[in-house]
Amino acid sequence: MTPLTALQELFESEAMGRDYGERISIRAHMLQCAELAMAQGMGDALAAAALLHDIGWGLIAMQGGEGTEGHQHIAADLLRPLFGPAVAEPIRLHVAAKRYLVATRPDYGARLSECSRETLAVQGGPFSPDECAAFEARDHFRAAVALRYLDDTGKALAEPTSRFTDYLPLLRRLMQSDGRV
Ligand SMILES: [Fe+2]
Ligand SMILES: [Fe+2]
């Protein structure tokens, strides 16, 4: 099985069809995030990051685990060898980006969904000023913040208008961009 076929199987698995806590499935949420990235012309890497940022939820469930803790690292570690750091690292940082935005943008916390506000506490709450400065110094900081905004927006109750297979050409381009297989 090729890595892309394995990824498609995971994406289309029962685990990814679970309710995401926002009355839509994790799969629908990720598709909506990718659609927003495409509509905003954010480029291949960010669109792929949006499409795949929560696959860690499914991997945890498939391995018999519960909850979502560490889902950002599980996804990033899986995806980095396939698509490189521009896809994987914003995904790794998408939970931290919420803690950063809550600390730095007063209007941001107020706009978070109830579910997202609840998980924020579990995830460690807002960053301190020092943590914010360290976060801004990280590679892929801006992409992580952009992904976070997509993540917070891609929760409409409407059905997504795309499917995983629509993104295969984009994912193939990213895999080939510097000789990855
Ligand atoms: Fe997430
Ligand atoms: Fe998400």
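Scroll up for the structure.
Model, not experiment: these values are computed from the prediction.

Draft legend 1. View of the coordination of the iron ion (ligand 2). On the protein side, the iron ion (ligand 2) has His29 (NE2), His53 (NE2), Asp54 (OD) and Asp151 (OD) as donor atoms, found 2.1 to 2.2 Å from it. Every donor counted, the 4 donor atoms about the iron ion (ligand 2) form angles of 79 to 178° at the centre, which fits irregular coordination. Each donor residue of the iron ion (ligand 2) lies on the same chain, and together they follow the pattern H-x23-H-D-x96-D. The iron ion (ligand 1) is placed at 3.8 Å from the iron ion (ligand 2), the two being bridged by Asp54. Of the two residues, His29 is situated in helix 2 (residues 26–39) and Asp151 in helix 11 (residues 141–153); the sequence distance between them amounts to 122 residues. The two residues His29 and Asp151 agree in class, both being buried.

Draft legend 2. Up close: the packing of helix 4 (residues 55–62) against helix 5 (residues 71–83). Between helix 4 and helix 5, the shortest axis-to-axis distance is 7 Å and the interhelical angle comes to 100°. With respect to their mutual orientation, helix 4 and helix 5 come out roughly perpendicular. Contacts between helix 4 and helix 5 involve Ile55, Gly56, Trp57, Leu59 and Ile60 from the former and His71, Ile74, Ala75, Leu78 and Leu79 from the latter. Across the contact of helix 4 with helix 5, the residue classes tally to 8 nonpolar, 2 polar and no charged.

Draft legend 3. Representation of the environment of Ala103. Residue position: Ala103 is located in helix 7 (residues 94–104). The class of Ala103 is partly exposed, set by a relative accessible area of 34%.

Draft legend 4. Up close: the side chain of Ser162. Inspection of the secondary structure assignment puts Ser162 in the loop between helix 11 and helix 12 (168–176). Since its relative accessible area comes to 11%, Ser162 is described here as buried. Polar side-chain contacts of Ser162 include one of 2.6 Å to the side chain of Glu35. A polar side-chain atom of Ser162 sits 2.7 Å from a polar atom in the side chain of Tyr167. Here Ser162 is in contact with Leu31, Glu35 and Tyr167, once residues within four sequence places are set aside.

Draft legend 5. Region of the structure containing the packing of aromatic side chains. Under the defined criterion, the tally for this structure stands at 6 aromatic pairs. Between the aromatic rings of Tyr100 and Phe135, the centroid separation amounts to 5.2 Å while the plane-to-plane angle is 40°, which identifies the pairing as tilted. Residue Tyr100 is located in helix 7, and its partner Phe135 is located in helix 10 (residues 129–136); the two are separated by 35 residues in the primary sequence. This pair shows no difference in class: Tyr100 is buried, exactly as Phe135 is.

Draft legend 6. Representation of the environment of Ser177 in the model. Secondary-structure assignment places Ser177 in the segment after helix 12. A relative accessible area of 53% places Ser177 in the exposed class. A polar contact of 2.8 Å, which involves the side chain of Ser177, links it to the backbone oxygen of Leu174.

Draft legend 7. Summary view of the environment of Gln176. Relative to the assigned elements, Gln176 resides in helix 12. With a relative accessible area of 59%, Gln176 lands in the exposed category. Along the sequence, Gln176 and Leu82 sit 94 residues apart, while their C-alpha atoms lie 9.2 Å from each other.

Draft legend 8. Focus on unusual backbone geometry. Although it is not a glycine, His140 sits at a positive phi angle of roughly 70°. Here His140 is to be found in the loop between helix 10 and helix 11.

Rules of the game
- Residues numbered from 1 in each chain as written.
- Chains lettered and ligands numbered in written order.
- Predicted model: local features only at pLDDT ≥ 70, side-chain atom pairs only at ≥ 80, totals over all residues.
- Heavy atoms only, no water.
- Donors = N, O, S within 2.8 Å, 3.2 Å for Na, K, Ca; no water.
- Tetrahedral: all angles 85-135°; square planar, octahedral: opposite > 155°, others 65-115°.
- Helix = DSSP H or I, 4+ residues; strand = E, 2+ residues; numbered from the N terminus.
- Buried < 20%, exposed > 50% of the residue type's maximum accessible area, 1.4 Å probe, protein only.
- Axes fitted to C-alpha atoms, helices over the stretch in contact; angles between N-to-C directions.
- Parallel < 35°, antiparallel > 145°, perpendicular 65-115°, else oblique.
- Contact = heavy atoms within 4.5 Å.
- Nonpolar A, V, L, I, M, F, W, Y, C, P; charged D, E, K, R; others polar.
- Polar contact = N/O pair within 3.5 Å; in protein donor to acceptor, adjacent residues only side chain to side chain.
- Phe/Tyr/Trp six-rings, centres within 6.5 Å; stacked < 30°, edge-to-face > 60°.

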